[in-house]
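Summary of structural features
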Amino acid sequence: MGVTMREITLAFTGASGAPYGWRLLELLLQQGIRVHLLISSAARVVFATEHNIKLAGAPDKCTAQLQALFNCAADQLTVYGKDDWFSPVASGSAAPKQMVICPCSTGTVAAIACGASDNLIERAADVVIKEGGKLILVPRESPLSAIHLENLLKLARLGVTIMPAAPGFYHQPQQISDLVDFMVARILDQLGVAQQLTARWGYGGERPTSDTGNKAETGEGE
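Below: a short report on this structure.

Conventions we followed
- Residues numbered from 1 in each chain as written.
- Predicted model: local features only at pLDDT ≥ 70, side-chain atom pairs only at ≥ 80, totals over all residues.
- Heavy atoms only, no water.
- Helix = DSSP H or I, 4+ residues; strand = E, 2+ residues; numbered from the N terminus.
- Contact = heavy atoms within 4.5 Å.
- Buried < 20%, exposed > 50% of the residue type's maximum accessible area, 1.4 Å probe, protein only.
- Pairing = 2+ DSSP bridges.
- Phe/Tyr/Trp six-rings, centres within 6.5 Å; stacked < 30°, edge-to-face > 60°.

So, on to the environment of M5. Within the fold, M5 resides in the segment before β1 (7–12). Along the primary structure M5 and D75 are separated by 70 residues, whereas in three dimensions their C-alpha atoms are 9.8 Å apart. When residues no more than four places from it in sequence are discounted, the contact partners of M5 are G32, I33, R34, D75 and Q76.

Dropping the structure here:
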């Protein structure tokens, strides 16, 4: 009997911060995790602008594109369309119990906070909340209005993890990728995925090895 592959839903929306989402996707795939990927139309514009990545519009073409770019197994990454209501992530009986929206626009935050479910990203988030799963939002907006703060507070009170894209500097970053890795490392920690991307506070700059082993930098699965 084969080992069941761990599954996570990942969504890209139209907030600035494409490198965070891209790096997170890369490391989840390297860890052998199956990713259900949702991409908004605005996110495609942001990725082309910030990361020079032109993501195919059709879900099947985008799936093939990303599978080739990340050299992952055919069953490890699937991209779904915004109206694919028959996808696993649309139902509590099949959706993964963990979901990350990175980057997360404040418009998406608002829609989730009011239970809109007008597209698959919003519906998938609604499913994770109602099923008592782990939903992580990585908003990138400044300044935040009272509307934004009220929506984030409402979701936090429902158990949603709010992780603003605000990297720290105590690890003395030397390049932009160090700042990206700081945030991605914290997201992986919240998901319970082993990582050694950045030094932890109090360890003198060392990256302690997780008890479960970390293969994120080598590309090996657990």
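Let us keep going from here.
In terms of burial, β1 is largely enclosed, as five of its six residues are buried. As paired elements, β1 and strand β2 (residues 34–39) share six bridges and run parallel to each other. Across the sheet, the residue bridging to L10 is L37, located in β2. With three bridges joining them, β1 and strand β4 (residues 98–104) adopt parallel strand pairing.

In this section: the packing of aromatic side chains. Following the criterion strictly, the structure yields four aromatic pairs and no others. Arranged with centres 6.2 Å apart and planes meeting at 55°, the rings of W22 and F47 form a pair that is tilted. Of this pair, W22 sits in helix α1 (residues 18–30) while F47 sits in helix α2 (residues 41–50), and the two are 25 residues apart along the sequence. Neither W22 nor F47 differs from the other in exposure class; each is buried. Between the aromatic rings of Y170 and F182, the centroid separation amounts to 5.6 Å while the plane-to-plane angle is 75°, which identifies the pairing as edge-to-face. Placement of Y170 in the loop between β6 (161–162) and α7 (176–191) and of F182 in helix α7 is noted, with a sequence separation of 12 residues between them.

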